[in-house]
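# A structural walkthrough
So you can see what is in the structure, the chains are spelled out below.
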Amino acid sequence: MPGQPPLTGLRVLEFAGLAPGPFAGMLLADAGASVLRIDRPPSLTSTPPAPDLLTRHKTSVAIDVKDPAGAAVIKQLARHADVLIDPYRPGVLEKLGLGPADLLRLNPRLIYARLTGFRREGRFAHMAGHDINYLAVSGALALLGRAEHPPTPPGNLLGDFAAGAVFAVLGILMALLERSRRSGRGQVVEANIVDGVSYLATFARFAIRTHVWNQPRGRNLLDSGCPFYDAYVTKDGKWMAVGALEPQFFAELVKGLGIDGQGWETGRRNDIKQWPELRRVLEETFRSKTRAEWESVFEGKDACCTPVYEYEELAVDESKEGDQRPAVTLRETPWLAVRKDASDVRHGQGPGVEGEGFRGYPLEPGQGGEETLKEWLGWTRGRQFEVKDGGVVLKETAKL
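- Going by the annotation in an unreviewed UniProt entry, the name recorded for the protein is CoA-transferase family III domain-containing protein, with Chaetomium strumarium given as the source organism.
- Under the Sequence similarities (unreviewed entry) heading, UniProt states for the protein: "Belongs to the CoA-transferase III family."

Structural data, given as structure tokens:
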């Protein structure tokens, strides 16, 4: 039988935010941490809360952090937390007396994780921005897109989630490891999307000085410039992805496409001047069959040719291997399950979640929070805290 998830017993305070902060909290929650999101009381705002669907395995407590009685709740929670996730611009929590110096003084073991878009210092530090802006100033956006087209943002996958949330969690885990193995003390962890994206682009920065990536955007080996590393539309308007870089894989590709014997596999493919003609041949050939027909041709073949699936079909057809699972498998202490019927312990454990990873559900401010306050601190409403205008405040006579 597997043991408990690896972060079981870890207590995380997550200030409500957008995208990278909630995703960092969800990664920790999926690995077994108890994550309590701090929301603003709905009564204090005329706009609904941010549409956060990254709420798996979390609870919420509504607190007016500008009210001293509310800020006192945060300080008590911080005394008992292992990790705090701060998604705000520099200086916001300091002004409320909830910055790193304040809370680390109360709890020297606290890992205070700060996640921003721009770097915390310099010309952009106090400017508003979104994923596209962080990618832009990092240099990575200039690499993305097809030739003769503007730079193309990849949604907010590369910045918010990969460069922001994942690197923040990496920093948190390293700080926890250092605390447990050496100092016994917490520390401030600072992550920002600009530096995270720049780090992810390490290979590209090196490669622009080589033949792999030394051409303008969309004309290189891995950015749609190469005809045997691209996606092609099929007869039914769907797509196949081709990544046949190595000669042996390219030979399987042209054989499956029925265009072997034309000299492509014996050297023509390496002549960049021949690439427009090869692309024309590949486009015409892929349009001759449906995606399903090409799937059957390349199933089990080492041609590096696969269907391009969409999430709508993955959600309803498990034969496409689209069922959502935890990001990594720990054999002895697996993450919590995503699928509600996940009985294979190699892929997770626990009851799973509604929607099975294809549908997110909002976490209402205050939802499940009182249970977490009782679990963490032994608090109950009416004794240690009250709810005022929708927000949790300490009772003046509470014994803490």
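### Looking at the sheet that holds strand β9 (residues 305-307)
- Overall, antiparallel pairing links the 3 strands, which are arranged β7-β8-β9 in an open sheet. Strand pairing shows two members of the sheet lacking a second neighbour, β7 (229-233) and β9, which therefore form its edges. Neighbour-to-neighbour, the strand axes of the sheet open up by a mean angle of 25°, direction not taken into account.

### What to know about the environment of Met127
- Within the secondary structure layout, Met127 lies in the loop between β5 (111-116) and α5 (131-138).
- With relative accessibility at 44%, the residue Met127 sits in the partly exposed group.
- Considering only alpha carbons, one finds Met127 and Glu148, 21 residues apart in sequence, at a separation of 30 Å.
- Those residues in contact with Met127 that lie beyond four places of it in its chain are Arg89 and Phe118.

### A few points about the packing of aromatic side chains
- Under the criterion given, the structure shown has 13 aromatic pairs.
- Ring centres of Phe118 and Tyr134 lie 4.8 Å apart, and the angle between their planes is 85°; this geometry places the pair in the edge-to-face category. Of this pair, Phe118 sits in the loop between β5 and α5 while Tyr134 sits in helix α5; the two residues are 16 residues apart in sequence, bridging distant segments of the chain.
- Under the relative-accessibility criterion, Tyr134 is labelled buried at 9%.
- It is Arg268 that lies over the ring of Trp264; its NZ or CZ is 3.8 Å from the centre.
- One Lys or Arg, Arg269, reaches over the ring of Phe228 and ends 4.6 Å from the middle of that ring.

### Here's the deal with the packing of α5 against helix α7 (residues 193-200)
- For the pair α5 and α7, the least separation of the axes is 9 Å and the interaxial angle reads 55°. Between α5 and α7, the angle is such that the two are oblique. The way α5 lies across α7 gives a crossing that is right-handed. On α7, the residues that touch Tyr134, Leu135, Val137 and Ser138 of α5 are Ile193, Val194, Val197 and Ser198.
- Tallied by class, residues from the contact of α5 with α7 come to 6 nonpolar, 2 polar and no charged.

### Description of the nonpolar core
- Of all hydrophobic cores here, the largest spans 26 residues; its most connected members are Leu13, Ile63, Leu77 and Leu373.
- Tallying contributions element by element places helix α2 (residues 68-80) first for this core, with 4 residues.
- Every residue in contact with Leu373, bar those within four places of it in the chain, is listed here: Leu36, Val61, Leu77, Gly378, Trp379, Phe385 and Val392.
- Among the nonpolar cores identified, the runner-up in size contains 25 residues, and Leu28, Ala29, Ala175 and Val189 belong to it.

### Focus on α7
- Along α7, the residues classified as buried are Ile193, Val194, Gly196 and Val197. Looking down the long axis of α7, one finds its buried residues gathered within 165° of arc, a one-sided arrangement.
- On its buried face, α7 is in contact with α1 (20-30), β5, α5, α6 (157-183) and β6 (187-192).
- Of the residues that open α7, the one with a side-chain oxygen 3.2 Å from the backbone nitrogen of Val194 is Asn192.

### Describing the packing of α1 against α6
- The interhelical angle for the contact between α1 and α6, taken along N-to-C directions, is 50°, at an axis separation of 8 Å. When the axes of α1 and α6 are compared, the pair comes out oblique. Seen from above, α1 lies across α6 with right-handed handedness. Contact residues: α1 offers Pro20, Phe23, Ala24, Leu27 and Leu28, while α6 offers Asp160, Phe161, Gly164, Ala165, Val166, Val169 and Ile172.
- Within the contact of α1 with α6, the residues separate by chemical class into 10 nonpolar, 1 polar and 1 charged.

### A few points about the environment of Thr266
- Examined against the element boundaries, Thr266 turns out to sit in the loop between α9 (247-257) and α10 (275-286).
- A polar contact is formed between the side chain of Thr266 and the backbone oxygen of Gly263, at a distance of 3.0 Å.

### Considering the side chain of Arg269
- Structurally, Arg269 is set in the loop between α9 and α10.
- The charged side chain of Arg269 is buried without a salt bridge, its nearest counter-charge being Glu246 at 7.0 Å.
- The contacts of Arg269, once residues within four sequence positions are left out, are Phe228, Ala244, Leu245, Glu246, Pro247, Phe250, Trp264, Trp275 and Leu278.

### Quick notes on the sheet that holds strand β2 (residues 34-39)
- Strand order in the open sheet formed by 6 strands is β3-β2-β1-β4-β5-β6, and the pairing between neighbours is parallel. At either margin of the open sheet sits one strand with a lone partner, and together these are β3 (58-62) and β6. Here the average twist between neighbouring strands, direction ignored, is 20°.
- Pairing of β2 with β3 involves 5 bridges; the strand directions are parallel. Paired with Asp39 across the two strands is Ala62, which belongs to β3.

### Some words on the layout of surface pockets
- Taken as a whole, the largest pocket holds about 1300 Å³ of empty space.
- Lining the largest pocket we find 50 residues, and of these Ala16, Gly17, Leu18, Pro87 and Tyr88 sit closest to its centre.
- Mapped onto the lining of the largest pocket, the elements with two or more residues apiece are α1, β2, α3 (92-95), β5 and α5.
- Residues belonging to the lining of the largest pocket are distributed by class as follows: 29 nonpolar, 9 polar and 12 charged.
- Of the voids in this model, the second largest pocket is the one considered here, and its volume is about 950 Å³.

Analysis parameters
- Residues numbered from 1 in each chain as written.
- Predicted model: local features only at pLDDT ≥ 70, side-chain atom pairs only at ≥ 80, totals over all residues.
- Heavy atoms only, no water.
- UniProt positions renumbered as here; feature names shortened; annotations may be inferred.
- Pairing = 2+ DSSP bridges.
- Helix = DSSP H or I, 4+ residues; strand = E, 2+ residues; numbered from the N terminus.
- Axes fitted to C-alpha atoms, helices over the stretch in contact; angles between N-to-C directions.
- Buried < 20%, exposed > 50% of the residue type's maximum accessible area, 1.4 Å probe, protein only.
- Contact = heavy atoms within 4.5 Å.
- Phe/Tyr/Trp six-rings, centres within 6.5 Å; stacked < 30°, edge-to-face > 60°.
- Lys NZ or Arg CZ within 6 Å of the ring centre and 35° of its normal.
- Parallel < 35°, antiparallel > 145°, perpendicular 65-115°, else oblique.
- Left-handed = near helix turned anticlockwise from the far one by under 90°.
- Nonpolar A, V, L, I, M, F, W, Y, C, P; charged D, E, K, R; others polar.
- Core = buried A, V, L, I, M, F, W, Y, C linked by side-chain atoms within 4.5 Å.
- Arc of directions from axis to C-beta.
- Polar contact = N/O pair within 3.5 Å; in protein donor to acceptor, adjacent residues only side chain to side chain.
- Lys, Arg positive; Asp, Glu negative; His and termini not counted.
- Salt bridge = Lys/Arg side-chain N within 4 Å of Asp/Glu carboxyl O.
- 1 Å grid on protein atoms, 1.4 Å probe; cavity = no way out; pocket = protein on both sides within 12 Å on 5 of 7 lines; lining within 4 Å.
- Points joined across faces, edges and corners; volume = space filled by probe spheres on them.

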